[in-house]
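So you can see what is in the structure, the chains are spelled out below.
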2 protein chains.
Amino acid sequence: MASTSNDSLPISIHNINPKVLECEYAVRGEIVALAQRLERELLTNPGSHAFDEILYCNIGNPHSLGQQPITFFREVLALCEHPSLLERNEINGLFSEDAIKRASQILKQIPGKATGAYSHSQGIKELRDAIAEGIKARDDFPADPNDIFLTNGASPAVHMVMQLLISTEKDGILCPIPQYPLYSASIALHGGTLVPYYLDEASGWGLEISELKKQLESAKSKGISVRALAIINPGNPTGQVLTKENQEQIVKFCKQEGLVLLADEVYQANIYVPDKKFHSFKKISRSMGYGEKDISLVSFQSVSKGYYGECGKRGGYMEITGFSADVREQIYKVASVNLCSNISGQILASLVMNPPKVGDHIYESYCAERDGILSSLGRRAKTLEAAFNSLENVTCNKAEGAMYLFPCIKLPEKAIKAAEAADTTPDTFYCRQLLNATGVVVVPGSGFGQVAGTWHFRCTILPRENKIPDVVSRLTDFHKAFMNEYRD
Amino acid sequence: MASTSNDSLPISIHNINPKVLECEYAVRGEIVALAQRLERELLTNPGSHAFDEILYCNIGNPHSLGQQPITFFREVLALCEHPSLLERNEINGLFSEDAIKRASQILKQIPGKATGAYSHSQGIKELRDAIAEGIKARDDFPADPNDIFLTNGASPAVHMVMQLLISTEKDGILCPIPQYPLYSASIALHGGTLVPYYLDEASGWGLEISELKKQLESAKSKGISVRALAIINPGNPTGQVLTKENQEQIVKFCKQEGLVLLADEVYQANIYVPDKKFHSFKKISRSMGYGEKDISLVSFQSVSKGYYGECGKRGGYMEITGFSADVREQIYKVASVNLCSNISGQILASLVMNPPKVGDHIYESYCAERDGILSSLGRRAKTLEAAFNSLENVTCNKAEGAMYLFPCIKLPEKAIKAAEAADTTPDTFYCRQLLNATGVVVVPGSGFGQVAGTWHFRCTILPRENKIPDVVSRLTDFHKAFMNEYRD
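Given the structure is predicted, the values throughout are model-derived calculations rather than measurements. (Residues numbered from 1 in each chain as written. Chains lettered and ligands numbered in written order. Predicted model: local features only at pLDDT ≥ 70, side-chain atom pairs only at ≥ 80, totals over all residues. Heavy atoms only, no water.)

**Student:** Help me out: how do you make sense of the overall build of chain A in this one?
**Tutor:** The helix and strand tally for chain A stands at 17 helices and 14 strands. In terms of overall dimensions, chain A is globule-like: its C-alpha atoms have a radius of gyration of 23 Å, near the 23 Å expected for 488 residues. Across its three principal directions, the C-alpha atoms of chain A cover 70 × 60 × 60 Å. Sorting the 488 residues of chain A into buried and exposed places 64% on the buried side. Element-wise, carbon and sulfur atoms account for 51% of the exposed surface of chain A, whose accessible area totals about 17500 Å². Separation of charge centres in chain A, based on 50 positive and 56 negative side chains, amounts to 2 Å. (Helix = DSSP H or I, 4+ residues; strand = E, 2+ residues; numbered from the N terminus. Rg over C-alpha atoms; globule rule 2.2 N^0.38 Å. Buried < 20%, exposed > 50% of the residue type's maximum accessible area, 1.4 Å probe, protein only. Areas by Shrake-Rupley, 256 points an atom, 1.4 Å probe, with all protein chains shown as cover. Lys, Arg positive; Asp, Glu negative; His and termini not counted. Charge placed at Lys NZ, Arg CZ, Asp CG, Glu CD.)

**Student:** Honestly, the interface of chain A and chain B in this entry has me stumped. Any pointers?
**Tutor:** Interface size is commonly expressed as the accessible surface area that is lost when the partners come together. The partner chain B presents 100 residues to the 101 residues of chain A that form the contact. At the boundary of chain A and chain B, one finds two salt bridges. Note that B:E81 and A:K313 form a salt bridge whose closest N and O atoms lie 2.3 Å from each other. Put simply, the parts of the chain that give the side of chain A that touches chain B at least two residues each are α1 (18-22), α3 (71-81), α4 (91-94), α7 (154-165), α8 (182-189), α12 (325-337) and α13 (343-352) of chain A. Top contributing element to the side of chain A that touches chain B by residue count: α12(A), with 10 residues. Class assignment of the residues belonging to the side of chain A that touches chain B gives a composition of 45 nonpolar, 37 polar and 19 charged. (Contact = heavy atoms within 4.5 Å. Salt bridge = Lys/Arg side-chain N within 4 Å of Asp/Glu carboxyl O. Nonpolar A, V, L, I, M, F, W, Y, C, P; charged D, E, K, R; others polar.)

**Student:** Even after reading the chapter, I still don't get the nonpolar core, so can you show me in this structure?
**Tutor:** The nonpolar side chains of soluble globular proteins are, as a tendency, buried together. Ranked by size, the top nonpolar core spans 345 residues in total, and within it A:L229, A:L262, B:L229 and B:L262 carry the most contacts. Contact partners of B:L229, with chain neighbours within four places excluded, come to B:L174, B:Y197, B:L212, B:I250, B:F253, B:C254, B:L259, B:V260, B:L261 and B:L262. (Core = buried A, V, L, I, M, F, W, Y, C linked by side-chain atoms within 4.5 Å.)

**Student:** What's the story with the relation of the copies chain A and chain B in this structure? I'm lost.
**Tutor:** Both copies of the chain are related through a single rotation about an axis accompanied by a shift along the same axis. For the pair chain A and chain B, the superposition axis carries a translation of 0.0 Å, the fit reaches an RMSD of 0.0 Å, and the rotation angle comes to 180°. What we have between these two chains is a two-fold relation. Of the C-alpha atoms belonging to chain A, the one lying closest to the rotation axis is found on A:A78, 2.2 Å away. The fraction of interface residues of chain A whose copies in chain B are also interface residues reaches 99%, indicating that both copies meet through the same surface. (Least-squares fit on C-alpha atoms with pLDDT ≥ 70 in both.)

**Student:** I keep staring at the sheet that holds strand β6 (residues 260-264) of chain A and nothing clicks. Help me out?
**Tutor:** Pairing between the strands of a sheet is mediated by backbone hydrogen bonds and can be parallel or antiparallel. All names here are of chain A. The mixed open sheet is built from seven strands, whose spatial order is β2-β8-β7-β6-β5-β3-β4. Looking at which strands have only one partner, the edges of the open sheet turn out to be β2 (148-151) and β4 (193-198). The mean inter-strand angle of the sheet, taken between neighbouring strand axes irrespective of direction, is 20°. As defined by bridge partners, strand β7 (residues 297-302) adjoins strand β8 (residues 316-321) across six bridges and the pair is classed as antiparallel. Its bridge partner being in β8, S302 is matched across the sheet by G316. (Pairing = 2+ DSSP bridges. Axes fitted to C-alpha atoms, helices over the stretch in contact; angles between N-to-C directions.)

**Student:** Any chance you could explain the packing of helix α2 (residues 30-44) of chain B against helix α16 (residues 426-438) of chain B here in plain terms?
**Tutor:** A pair of packed helices is captured by two measures, namely the crossing angle of their axes and the spacing between those axes. Residue and element names in this part refer to chain B. One can describe the packing of α2 onto α16 by two numbers: an axis separation of 10 Å at closest approach and a directional angle of 15°. As judged from the angle between their axes, α2 and α16 are roughly parallel. Here the hand of the crossing between α2 and α16 comes out right-handed. Taken together, the residues of α16 that come into contact with α2 (itself represented by E30, I31, L34, A35 and L38) are T428, C431, R432, L435 and N436. Split by residue class, the contact of α2 with α16 holds six nonpolar, two polar and two charged. (Parallel < 35°, antiparallel > 145°, perpendicular 65-115°, else oblique. Left-handed = near helix turned anticlockwise from the far one by under 90°.)

**Student:** Please clarify how the sheet that holds strand β8 (residues 316-321) of chain B should be interpreted in this entry.
**Tutor:** All names here are of chain B. Strands sit in the order β2-β8-β7-β6-β5-β3-β4 across an open sheet of seven strands; the sheet is mixed. Lying at the two open borders of the sheet, with one neighbouring strand each, are β2 (148-151) and β4 (193-198). Direction aside, the axes of adjacent strands within the sheet are offset by 20° on average. Across four bridges, strand β3 (residues 171-177) lies against strand β5 (residues 225-232) in parallel orientation. If you follow G172 over to β5, its bridge partner there is V226. The strands touched by helix α9 (residues 209-221) are β3, β4 and β5; relative to β4, the strand with the most contacts, the crossing angle is about 150°. Across the face of the sheet, helix α10 (residues 244-257) comes into contact with β3, β5 and β6 (260-264) while running at roughly 165° to β5.

**Student:** Would you mind going over the pattern of salt bridges with me for this structure?
**Tutor:** Between side chains of opposite charge, pairing is possible as soon as their charged atoms come close. All names here are of chain A. All chains considered together, the criterion is met by 42 salt bridges over all chains. Note that D147 and R328 form a salt bridge whose closest N and O atoms lie 2.9 Å from each other. Of this pair, D147 sits in the loop between α6 (125-139) and β2 while R328 sits in helix α12, and the two are 181 residues apart along the sequence. Given a relative accessible area of 5%, D147 falls into the buried group. Each of E217, K220 and E257 takes part in salt bridges that share partners, so that together they form one network.

**Student:** Hey, could you run me through the side chain of B:S304 in this one?
**Tutor:** Here B:S304 shows up in the loop between β7 (297-302) and β8. There is a polar contact of 3.5 Å between the side chain of B:S304 and the side chain of B:R314. (Polar contact = N/O pair within 3.5 Å; in protein donor to acceptor, adjacent residues only side chain to side chain.)

**Student:** Mind showing me how you'd approach the confidence of the model for chain A here?
**Tutor:** Atom-level detail of predicted coordinates should not be read off regions where pLDDT is low. All names here are of chain A. Per-chain confidence: chain A averages 95 in pLDDT, with 99% of residues scoring 70 or above. Predicted confidence is poor over residues 1-5, with pLDDT under 50, and the contacts of this stretch with residues over four places away or in other chains come to 13 contacts. This prediction of the complex comes with two scores: 0.96 for pTM and 0.95 for ipTM. (pLDDT = per-residue confidence, 0-100.)

**Student:** Would you mind showing me how to read the pairing of strand β3 (residues 171-177) of chain A here?
**Tutor:** On any regular strand, side chains alternate: one points to one face of the sheet, the next to the other face. Residue and element names in this part refer to chain A. Across the seven residues of β3, seven count as buried, placing the element largely inside the fold. Because side chains alternate across β3, one face comprises the buried residues D171, I173, C175 and I177, and the other comprises G172, L174 and P176, equally buried. Where β3 lies against β4, six bridges are found, and the strand directions are parallel. Residue pairing for β4: L174 is matched across the bridge by V195. With respect to chirality, the unit in which β3 leads through α8 into the neighbouring parallel β4 is right-handed. (Right-handed = clockwise from strand over helix to strand, strands pointing away.)

**Student:** Please clarify how unusual backbone geometry should be interpreted in this entry.
**Tutor:** When glycine is set aside, most residues are seen to have a negative phi, and most peptide bonds are trans. Of the consecutive residues A:N233 and A:P234, the connecting peptide bond is found in the cis state with omega at -10°. Of note, A:P234 is situated in the loop between β5 (225-232) and α10 (244-257). In this structure, B:P237 follows B:N236 across a cis peptide bond, with omega equal to 10°. Relative to the elements of secondary structure, B:P237 occurs in the loop between β5 and α10.

**Student:** Any chance you could explain the environment of A:I70 here in plain terms?
**Tutor:** Residue and element names in this part refer to chain A. Within the element layout of this structure, I70 appears in the loop between β1 (55-56) and α3. Among the residues examined, I70 registers a relative accessible area of 1% and is labelled buried. Once the C-alpha coordinates of I70 and E30 are considered, the two residues, 40 residues apart in sequence, prove to be 33 Å apart. With residues near it in sequence (within four places) discarded, I70 still touches Y307, Y308, Y366, E369, R370 and I373.

**Student:** How do you make sense of the environment of B:L65 when you look at a structure like this?
**Tutor:** Residues and elements named next belong to chain B. Turning to its location among the elements, L65 is positioned in the loop between β1 (55-56) and α3 (71-81). C-alpha separation for the pair L65 and L34, spaced 31 residues apart in sequence, amounts to 19 Å. When residues no more than four places from it in sequence are discounted, the contact partners of L65 are Y56, L462, P463 and R464.

**Student:** Is there a simple way to explain the environment of A:F281 in this structure?
**Tutor:** All names here are of chain A. With respect to the secondary-structure elements, F281 resides in helix α11 (residues 281-287). Here F281 falls in the buried class, since its relative accessible area comes to 1%. Linking F281 and I231, residues 50 residues apart in sequence, is a C-alpha distance of 9.7 Å. When near neighbours in sequence (up to four residues on either side) are disregarded, F281 contacts I231, L242, Q247, I250, V251, L261, A263, E265 and L297.

Here it is as structure tokens:
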């Protein structure tokens, strides 16, 4: 690395913030850089590889793989983008009645219809009202619009909370392993300590309170002050959905131990099994009788996931409850330094939390779009899961929710040695070989964390349904060849 | 403050990150909170104050005060928001031919027209190509799309650079005083040291190299390692536009002293005097013969300012030159943790840097909109400047550019005593009285920094032109009454 440094420049790899160096984010890391190179090679030199396209299974980015947006959402956004359209009769043939109505409603709530103005630093009040209503409809417990901070996707919200909680490396955040690496990256950037708790792969990525306790005690014994517990439900990269009973235990644990509960609930609309249901941690807390004074809770939501999958809009919010007024003021101040999140993202977040309802003209077609996407995702999850489980030395838990599978590969000793010789981890070695042979891009388990000595990769369930057989056959053929080459 | 804390909760004002506590951002601070309260009171109880509306002159948020968006930009954004519109004939009556052409062009560059997908972490490559072309047309020197990082407005870009440069409180950033408080806030949040250099009010907020040198030496003598020099040109809150000669001196100084030059150029399109012109620092550097290996330079640009004023879109970019490949990799990695900036903001940034050209059907009407806004802003700046200069004890430099005036008020001793009694700074005291008496919201100079013992406030030039006489008469009447009350 240092060889590319230019000593005459004032900034070099040796004098930048070491926290930046420590941060890692494998979802767009080394394997993806390789994929982009291969893609350019295919473009300039077709036939240069054994495959004719790169199949990106590395990131939860549905629209990039052909998933279509929900028509109603885009109609409303287009009208809000150019409000003078609403004064033209011609729009009646172009936009649905419900979209025109909703856009007019939203614009009426914005002084001067000025979607080009900075809003309140927490987001437009009336959009937060709509989101609070949506939360109430979901949970059956009230939500306060003043608790909602609209953000450019969930990631900046996670950073804001980490910034608040972490002062030094003595501040710890309990994070699941495996975890979505935004958490490890954000903790590293803010100079805190990630306190790992391991999900139990054998019980379908189960979350055991005894494990939380053990890791909390171990961190304390090292002088770490553990500030918060991060939970991703449904799980990323693991795809499990927590049971209500498990969630109650977690809430109780946070209350007892004085931990802020950071609930990453961005996959709340992605559930694929009939026996599981999404429950927000706020709903669970309130139904246990815990109120504002009992538990500090942050719930993260995003427009990037669900059946909407609007990653490019960078919309999302956090709902914070159980924070004192003076701490909330500090959060508001930090939000105000960045002025506000983008207004289209704010509007979309209000739509996602308040989609068309029974009685709306568009309701049926909206449901058809939504259910089409969700049922297809469910089928893709099942197909991929079965495919992984049919491979030699591979086991894979069910994707009950979210957008990923996280299969475990028992790699032969010979493969581990080959990885060592190639100066990389065994899972990266496997993923790199897979990419070079098939064009399929998955992320090595080491990017998410895994029990030492076990190897995994994360594979999204997002390629178009008609491409799934191709993904399966490429993966299967590669895996057979790989095992034949490296079997001990 | 502590009285609002709840001791049973794990997070209190006493155990959050002290860097968050240190951060200040007056542009949305105490005075604005008071204004919002008064506005609510006017709504629920009309006639409860001596004025019937709040006039926000605190923030550069043009659309919130009635400035209309550029039609062409919004047409393109609406079409990109809902790409299936382009398949419908009805749009020909609703959208300009040029907007349809540009939207089609842009969508063709996005695989699957997927404006709902995460893009490359630096932004969509083809939009960066367009921005690079725009920079080249502006500067007459080439720009590399790989140097461009699209961001959600300029603020996150500034944070990214501060995060890179600041490791400890021993890392200093030279910042103008007065400064836009994003800089002081970001330096505080990242735990660095703001090294002030004072702009010379007497010479129209001049920037003297001798002052830079003096402050640099003084910081060094305290063990501060100064990493960068931040320049805001045109100036915020001060409105001056640097001369080419002055810029050349600055570039030379950065080169000699090994400082990264952070050029806040978000007001590049806001120039109101015939004898000044905007020159980017990159253009100046290149025209001096300084290349990639001579100077490290970051230029910040935003869609929020200029004649476009699209604050709510959160679009912007930074162009980084003179950074080694390994440091750039680190910047890319940090950008990738947040995936990408919002696509509408990205598209708008490409439009702002590549507006309609001679020969386009829409060119004339686009120019009429643009020039109408800019000439009106120029007139408003002049009127307000004259008004301030006509007040007793007030002097005000010209707003050559940007969107603000920063008048100096010599406050009588009696007013300073009254402020002391009210437990606030004299400038805050003045601004609070002004707000309570007139509904006009300005930001005290102490939020930006000022020479000790001098008092200022920042006033935007953004109220609608037909409201300016009202602003002037409210301000004038208030100031006379204030002086009559407090004159020594």
